Amino acid sequence: MKCFVCGSETPGEVCNQCVRTERNLFHKEWDYKEGFLMRKIESYRIDVSSYRISGTGMISNSDKGLNGRVDAFNHFVGNVDLVEKSPCNGKDALMIHYKNPNTQMERYIFLLSCDAEGGVKNAIEDAKKDLRIGSGVMPATAAMPTSAAAPAPAAAPMSADAQLKLNKLKVLLNSGILSQEEYEREKLKLGL
Ligand SMILES: [Zn+2]
């Protein structure tokens, strides 16, 4: 598959090259204890970096947490589409909905008795903002440059740099960070 950040070939969602340049934005680990005698103790962890969310949580295919199991997760942060307080089998939890637009793989990650909703949300928002800026994408509200600039050379071969930017735009489009309209506009700006 292709790296969600740079578009190069990788076995995982984010290639090792990109992982080396990521920044940590949020980290928390805690124990979840259940029952008066605390017979059940599970260790949870959530890390948000500029490219990924990772950690250990209750992973389920259902938004109610049915048949969930505690396991490690590691996903591209741009594909996280929802973070909210939502019960897992009736217990207090922070829920993260993840969907890979390329493989359609979808899962709900529950962080039981996690009190860091704001921290996790902010870190994910920051990471997504960085992904936009990193790809040269301006916020939608930015003024459009006038087309008075010198005309682009006709049918010039695409530079490696332009190819990389185009790949990133496609990733942002597939992740739903950019709308089709924004994608086309950014493509025009690159002269593609
Ligand atoms: Zn990469």
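Residues numbered from 1 in each chain as written. Predicted model: local features only at pLDDT ≥ 70, side-chain atom pairs only at ≥ 80, totals over all residues.

### Some thoughts on the overall build of the chain
For the chain, the count of helices and strands is four helices and seven strands. The N-to-C order of helical and strand elements in the chain reads α-β-β-β-β-β-β-β-α-α-α. By the burial criterion, 27% of the 192 residues in the chain qualify as buried. In the chain, the proportion of contacts linking residues at least 24 apart, taken out of those at least 6 apart, comes to 52%. (Helix = DSSP H or I, 4+ residues; strand = E, 2+ residues; numbered from the N terminus. Buried ≥ 20, exposed ≤ 12 C-beta atoms within 10 Å, placed from the backbone. Contact = placed C-beta atoms within 7 Å.)

### Considerations on the environment of Ile 46
By the secondary structure assignment, Ile 46 is in strand 2 (residues 40–49). Separated by 26 residues in the primary sequence, Ile 46 and Ala 72 place their C-alpha atoms 9.8 Å from one another. Aside from chain neighbours lying at most four places away, what touches Ile 46 is Lys 28, Gly 55, Leu 111 and Val 120.

### Details of the environment of Ala 72
With respect to the helices and strands, the residue Ala 72 is situated in strand 4 (residues 69–76). Residue Ala 72 is classed as exposed on the basis of its C-beta count, with 10 C-beta atoms lying within 10 Å.

### Details of the pairing of strand 6 (residues 93–99)
In the sheet, strand 5 (residues 80–85) pairs with strand 6 via five bridges, with the strands oriented antiparallel. Bridge pairing in strand 6 places Leu 82 opposite His 97. Sheet topology places strand 6 next to strand 7 (residues 106–112); seven bridges connect them, and they run antiparallel. Note that in strand 7 the partner of Lys 99 across the bridge is Glu 106. Linking strand 6 back to strand 7 in an antiparallel pair, the connection comprises six residues, with Gln 104 at a positive phi of about 65°. (Pairing = 2+ DSSP bridges.)

### Regarding the confidence of the model for the chain
Residues of the chain with pLDDT of at least 70 account for 88%, and the chain-wide mean is 87. Considering only residues more than four positions removed or in separate chains, one finds that residues 138–144, a stretch of pLDDT under 50, has one contact. (pLDDT = per-residue confidence, 0-100.)

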